[in-house]
Amino acid sequence: MQPEVHVPVASSVNPTVRRRRLGQELRRLRELKGMTAEEVAERLLVSQSKISRLENGRRSISQRDVRDLCGVYEVEDVRIVDSLMQMAKDSRQQGWWHSFGDIPYSVYIGLETDAASLRAYDPQVVPGLLQTRQYAEALITGALPETASAEVEKRVQVRLRRQERISAPENPLRLWTVMDESVLRRVVGTRSVMRDQLEYLVEQSQLPHVTVQVIPFEMGAHPGLNGQYAVLEFVDAADSSVVYIEGVTSDLYLEKANDVQKYSVMYEHLRAQALNVDQSRQFIADIAKEYAR
């Protein structure tokens, strides 16, 4: 008997998530066949890395790829093959971010666009979803000093477009962010920019679906000292949670249940050690007043 294939029915599902779901289904078919990625690669005369990238959704999947893999896995049910082929076709459509050209973290944007909730820890800067335009401009310019002004503006526009998930009238992103006090103390741009940014943080933190907490310096060592990361969760049970770790030249996506669990537990420790919501809001407001003076 052929395995049942989960096929997304919502047309609003973005191409990144479609690729991810299709990759998960192809991995399941391979495992049911009892084959390793290396064995499949040998059969198709391709690299093992290609099979891995197809299964983890990091590479665009063509209908030919699906046809060849279904042949190797001996999938005989035409309905299953057709469903997978349609998923491959849909996954090659473009999301809103493609209109901005080459975006280095487009995979992450695709996941963020479809996520139901996001838990983020930031030790250095205000998270992108809560940045003001002026802060974003100063941050990108400072972090990428050799970047042309047009490219800086493009990145700012993408960042502002991402923020529409926070202000969406229906099903806004549930955002929980814990940030180190250094985020508030680091002067990005000018003191005036920082004042406006912190006041904006206070304003956004009052939204029912946005939670902001701060870990003050006096807390000392804590589990977040290793660096920034985010945990994305999705409504559809077919989409497993993802831990995203941003890198300089490449990003890391962790999807194994054990990895996600470890980062989730670490996040709970961060939340417990941080100031509570009201204390954090007052803490941010007080530092904003310092910048105003």
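Check the entry above for the structure.
Residues numbered from 1 in each chain as written. Predicted model: local features only at pLDDT ≥ 70, side-chain atom pairs only at ≥ 80, totals over all residues. Heavy atoms only, no water.

**Q** Explain the environment of Ser117 to me, and be specific about the residues and the numbers.
**A** By secondary structure assignment, the location of Ser117 is in strand S1 (residues 117-122). Residues in contact with Ser117, not counting those within four places in the same chain, are Leu173, Arg174, Val231, Leu232 and Glu233. Separated by 2.8 Å, the side chains of Ser117 and Glu233 make a polar contact. (Helix = DSSP H or I, 4+ residues; strand = E, 2+ residues; numbered from the N terminus. Contact = heavy atoms within 4.5 Å. Polar contact = N/O pair within 3.5 Å; in protein donor to acceptor, adjacent residues only side chain to side chain.)

**Q** Describe the environment of Leu270, and please don't skip the residues or the numbers.
**A** Looking at the secondary structure, you find Leu270 in helix H12 (residues 257-273). Residue class for Leu270 comes out buried when judged on its relative accessible area of 0%. Sequence-wise, Leu270 and Gly57 are 213 residues apart; in three dimensions their C-alpha atoms are separated by 30 Å. If sequence neighbours within four positions are ignored, Leu270 has contacts with Tyr121, Val178, Ile215, His222, Pro223, Gly224 and Tyr229. (Buried < 20%, exposed > 50% of the residue type's maximum accessible area, 1.4 Å probe, protein only.)

**Q** Account for the pairing of strand S2 (residues 174-180), naming residues and giving values.
**A** For S2, the tally of buried residues reaches six of seven residues, placing the bulk of the element in the interior. In the sheet, S1 pairs with S2 via six bridges, with the strands oriented parallel. Across the sheet, the residue bridging to Ser117 is Arg174, located in S2. Inspection of the sheet shows S2 paired to strand S3 (residues 210-215) by six bridges, in the parallel sense. From the neighbouring strand, Thr177 faces S3, where its bridge partner is Val212. (Pairing = 2+ DSSP bridges.)

**Q** Tell me about helix H8 (residues 149-162), and please be specific about residues and values.
**A** In this model H8 runs 20 Å from its N-terminal to its C-terminal C-alpha over 14 residues, within 8% of the 20 Å that 1.5 Å per residue would give. Of all the residues in H8, the buried ones are Val152, Lys154, Val156, Val158, Arg159 and Arg162. Those residues of H8 hidden inside the fold are in contact with helix H6 (106-114), helix H7 (133-143) and helix H9 (164-167). (Expected span 1.5 Å × (residues − 1).)

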